[in-house]
Amino acid sequence: MLGRIFFTCVFLGLFCACSSLSCRWMDHKFRQYSGNSFNLLDMMANNSTNSTEEQNTVAFPHNLYSQASKASAEGKLSFAVQILKEVSALFEEDQSSTSWQEVTVENFLNVVNKQADELHSCIGAQGETKKKNTKLHLYFKRLSNETLKKMGHSAEAWELIRREVRVHLVRADLLVSSLISSN
């Protein structure tokens, strides 16, 4: 009987330790990677030859962020992961008209993809089956079609996208930061 209790305590201890370890990256590395992504985006702005006064014609999805901020921890993480993945997909498009250094873009994509992968690992098993937010996906598709493609993937279009992406990364950072344990 005492052996069974001991085994149960050891099992629960290991289970709890493993559960917290799965999000250890979020607690210890997320802010660093988030800061790196902002710095890399800012470097792209500094390397941009065209400053544009044009406005993005795709309305920012404030309502989706409002809904996400009220979601469970897993819901917030799922939303943040999807943002990161959508940003990564957007930055895979033709950037030949920009003056961005290729290595900066590659580093940015590496940081964003690392964030997405690590945050995804923090989502529990029931979050694995969660469908992606269709409205968020359609919003990024509209950014691609109505900004990049209509403007011929021009440097001006990419500057609009870069600024829009920065706002998304700030909002994703706020969502995830609301879940980070204070140490």
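Our structure is the block above this text.
Residues numbered from 1 in each chain as written. Predicted model: local features only at pLDDT ≥ 70, side-chain atom pairs only at ≥ 80, totals over all residues. Heavy atoms only, no water.

## Side note on the overall build of the protein
Helix and strand counts for the protein stand at 9 helices and 0 strands. In the protein, buried positions account for 41% of the 183 residues. Accessible surface, the protein: about 10300 Å² in total, of which carbon and sulfur atoms supply 55%. (Helix = DSSP H or I, 4+ residues; strand = E, 2+ residues; numbered from the N terminus. Buried < 20%, exposed > 50% of the residue type's maximum accessible area, 1.4 Å probe, protein only. Areas by Shrake-Rupley, 256 points an atom, 1.4 Å probe, with all protein chains shown as cover.)

## Some details on the pattern of salt bridges
All told, the structure shown has 4 salt bridges when counted by the stated rule. The residue Arg-162 makes a salt bridge to Glu-159 at a minimum N-O spacing of 2.8 Å. Of this pair, Arg-162 and Glu-159 both sit in helix H9 (residues 155-177), 3 residues apart, which is roughly one turn of that helix. Side by side, Arg-162 and Glu-159 carry an identical accessibility label, which is buried. Each of the salt bridges in this network shares a partner with another, and the network as a whole consists of Glu-159, Arg-162 and Arg-163. (Salt bridge = Lys/Arg side-chain N within 4 Å of Asp/Glu carboxyl O.)

## Describing the packing of helix H5 (residues 73-90) against helix H8 (residues 134-149)
Where H5 contacts H8, the axes come no closer than 10 Å and their chain directions differ by 20°. The angle between the axes of H5 and H8 places the two elements in the roughly parallel class. For H5 against H8, the interelement crossing comes out right-handed. Along the contact surface, H5 presents Phe-79, Gln-82, Ile-83, Glu-86, Val-87 and Leu-90, while H8 presents Leu-136, His-137, Phe-140, Leu-143, Ser-144 and Leu-148. (Axes fitted to C-alpha atoms, helices over the stretch in contact; angles between N-to-C directions. Parallel < 35°, antiparallel > 145°, perpendicular 65-115°, else oblique. Left-handed = near helix turned anticlockwise from the far one by under 90°. Contact = heavy atoms within 4.5 Å.)

## Side note on the nonpolar core
Judged by nonpolar contacts, the single largest core of 46 residues is most densely connected at Phe-91, Phe-108, Leu-119 and Val-165. Counting only elements with at least two residues in this core, the list comes to helix H2 (24-28), helix H3 (30-46), helix H4 (62-69), H5, helix H6 (102-121), H8 and H9. Apart from the residues lying within four places of it in its own chain, the contact partners of Val-165 are Leu-41, Val-87, Leu-90, Phe-91 and Phe-108. (Core = buried A, V, L, I, M, F, W, Y, C linked by side-chain atoms within 4.5 Å.)

## Section: the environment of Gly-152
Tracing the chain through its elements places Gly-152 in the loop between H8 and H9. The spacing of Gly-152 and Asp-94 is 58 residues in sequence and 9.4 Å in space, taken between C-alpha atoms.

## Let's talk about unusual backbone geometry
Non-glycine residue His-153 carries a positive phi angle of around 50°. Within the element layout of this structure, His-153 appears in the loop between H8 and H9. The exposure class assigned to His-153 is buried, which follows from its relative accessible area of 14%.

## A closer look at the packing of aromatic side chains
Enumeration over the complete set of coordinates arrives at 10 aromatic pairs. Aromatic pair Phe-60 and Tyr-139: ring centres 6.4 Å apart, planes at 75°, arrangement edge-to-face. Taken together, the positions of Phe-60 in the loop between H3 and H4 and Tyr-139 in helix H8 put the pair 79 residues apart, joining distant regions of the chain. Considered together, Phe-60 and Tyr-139 belong to a single accessibility category, that of buried residues. Each ring, one from Tyr-65 and one from Phe-79, has its centre 5.1 Å from the other, and the planes form 85°; the classification is edge-to-face. Remark: Phe-79 occurs in helix H5 and Tyr-65 occurs in helix H4; sequence separation between them is 14 residues. As far as the burial class goes, Tyr-65 and Phe-79 line up, both buried. An aromatic cluster is built from Phe-60, Tyr-65, Phe-79, Tyr-139 and Phe-140, whose rings are joined through pairwise contacts. (Phe/Tyr/Trp six-rings, centres within 6.5 Å; stacked < 30°, edge-to-face > 60°.)

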